[in-house]
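# Structural overview for review
Okay, here's what each chain looks like letter by letter:
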Amino acid sequence: MDSILNFTDKVVIVTGASSGIGAEAARIFAKYGAKLTLVGRNEQRLGAVAQECKEKNGMRPLKILVDLVHPGSCETVIHKTVEKYGKVDVLVNCAGSFSLSSVFDETINTFDDIMALSLRVPFRLSQLAVPYLVKTKGNIINMSFSMTNKYRPGLLVANMASAAMEKFSIQAAAELATEGVRVNIVSPGVTRTNMLSSLDINDPILTQDTYDFVSNFLPCGQVLEPKEVALYICVVASGAFKNMTGANLVLDGAASLA
Ligand SMILES: NC(=O)c1ccc[n+]([C@@H]2O[C@H](COP(=O)([O-])OP(=O)(O)OC[C@H]3O[C@@H](n4cnc5c(N)ncnc54)[C@H](OP(=O)(O)O)[C@@H]3O)[C@@H](O)[C@H]2O)c1
């Protein structure tokens, strides 16, 4: 694994780096030598992750505290990264949150919020990063959810955004293949992160009960740990599989097959 995961001199942007899968990915990228831009909103948590990364490879990550849906935030991420490092090798679009939605909703607000963060932000960051990724023959990782094609109450707009994200990634992979830039999707199943706090589930016992309940319906009987998903992201982002592009890479213990 050591020879595959070598990010020495590679510049890696991770959004959603203050928590869950993004935070674990940042730690692994750091362990294998990456120069990092870490993006999040929570100053304390982003600072703690950045400190851990610095302890792993001696390099202080660039921390960017922004709400990515605010106008100009995506531009800030790419411009500050290029200003500091001069290039971009990998963009990991990992920022996300979870909201319930249904066709019975009375306003368009949830639709707009989900589409803004889950689709518009990764699209805009990708657009802005492409000129730099073309120069480095770099790659983009987008996130989806392995159960997108299943009906689950409350997931209407989240599943619509994931479906669009998959179409975007595949089309962009085809457009960018001639430039040597790869675009892939990582689609985990349910993963133990801070995602439930988006639903105001913050109590540790209630959180554990929720994951225990969900686990009962999973073929492998357990939810994923963020470290495993993060390692998968890092392997996909590495140079190990130069022809892997336009792939939707599922990691879910067969949950989507059941
Ligand atoms: N957990 C799962 O079961 C699961 C399954 C499939 C796919 N995914 C996807 O995996 C990705 C990572 O999620 P996670 O499970 O690791 O969740 P998490 O622990 O809740 O982390 C979410 C991250 O996104 C950041 N974020 C949220 N809204 C933001 C905004 N408006 N601007 C900037 N940053 C924002 C958060 O930053 P702050 O905390 O600093 O605000 C945090 O760093 C998401 O795209 C999610 O959809 C998760």
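Definitions and limits used
Residues numbered from 1 in each chain as written. Predicted model: local features only at pLDDT ≥ 70, side-chain atom pairs only at ≥ 80, totals over all residues. Heavy atoms only, no water. Helix = DSSP H or I, 4+ residues; strand = E, 2+ residues; numbered from the N terminus. Rg over C-alpha atoms; globule rule 2.2 N^0.38 Å. Near = heavy atom within 4 Å. Polar contact = N/O pair within 3.5 Å; in protein donor to acceptor, adjacent residues only side chain to side chain. Nonpolar A, V, L, I, M, F, W, Y, C, P; charged D, E, K, R; others polar. Buried < 20%, exposed > 50% of the residue type's maximum accessible area, 1.4 Å probe, protein only. Lys, Arg positive; Asp, Glu negative; His and termini not counted. Salt bridge = Lys/Arg side-chain N within 4 Å of Asp/Glu carboxyl O. Axes fitted to C-alpha atoms, helices over the stretch in contact; angles between N-to-C directions. Parallel < 35°, antiparallel > 145°, perpendicular 65-115°, else oblique. Left-handed = near helix turned anticlockwise from the far one by under 90°. Contact = heavy atoms within 4.5 Å. Phe/Tyr/Trp six-rings, centres within 6.5 Å; stacked < 30°, edge-to-face > 60°.

A count of helices and strands for the protein gives seven helices and seven strands. Counting from the amino terminus, helix and strand elements in the protein follow one another as β-α-β-α-β-α-β-α-β-α-β-α-α-β. For 258 residues, the compact-globule formula gives about 18 Å, and the C-alpha radius of gyration of the protein, at 17 Å, lands near that figure. Along the first, second and third principal axes, the C-alpha atoms of the protein reach 45 × 35 × 35 Å.

It is worth spelling out the site of the ligand at this point. Around the ligand there are 27 residues in total, and Ser-18, Ser-19, Asn-42, Arg-45 and Thr-193 lie nearest to it. The contact in question runs from an oxygen atom of the ligand to an N or O atom on the backbone of Cys-94, over 3.3 Å. Within the contact set of the ligand, an oxygen atom lies 3.2 Å away from a backbone nitrogen or oxygen of Gly-96. Considering only residue class, the shell around the ligand consists of twelve nonpolar, twelve polar and three charged.

Quick look at the side chain of Glu-166 now. Looking at the element boundaries, Glu-166 is found in helix α5 (residues 156–176). Of the buried charged residues, Glu-166 lacks a salt bridge, with Lys-167 as the closest side chain of opposite charge at 7.3 Å.

This brings us to the packing of helix α1 (residues 20–31) against helix α7 (residues 226–237). Helix packing for two helices is described by the angle between their axes and how far apart those axes are. The N-to-C vectors of α1 and α7 enclose an angle of 55 degrees; their axes lie 8 Å apart at closest approach. Taken as axis vectors, α1 and α7 run oblique relative to one another. As α1 packs across α7, the resulting crossing turns out to be right-handed. Two secondary-structure elements touch here, α1 through Gly-20, Ile-21, Glu-24, Ala-25, Ile-28 and Phe-29 and α7 through Pro-226, Lys-227, Val-229, Ala-230, Leu-231, Ile-233, Cys-234 and Ala-237. Among the residues making up the contact of α1 with α7, the classes are represented as eleven nonpolar, one polar and two charged.

The subject of this paragraph is the packing of aromatic side chains. For the structure shown, the criterion picks out three aromatic pairs. Each ring, one from Phe-7 and one from Phe-29, has its centre 4.9 Å from the other, and the planes form 80 degrees; the classification is edge-to-face. Taken together, the positions of Phe-7 in the segment before β1 (11–15) and Phe-29 in helix α1 put the pair 22 residues apart, joining distant regions of the chain. Taken as a pair, Phe-7 and Phe-29 share a single burial class, namely buried.

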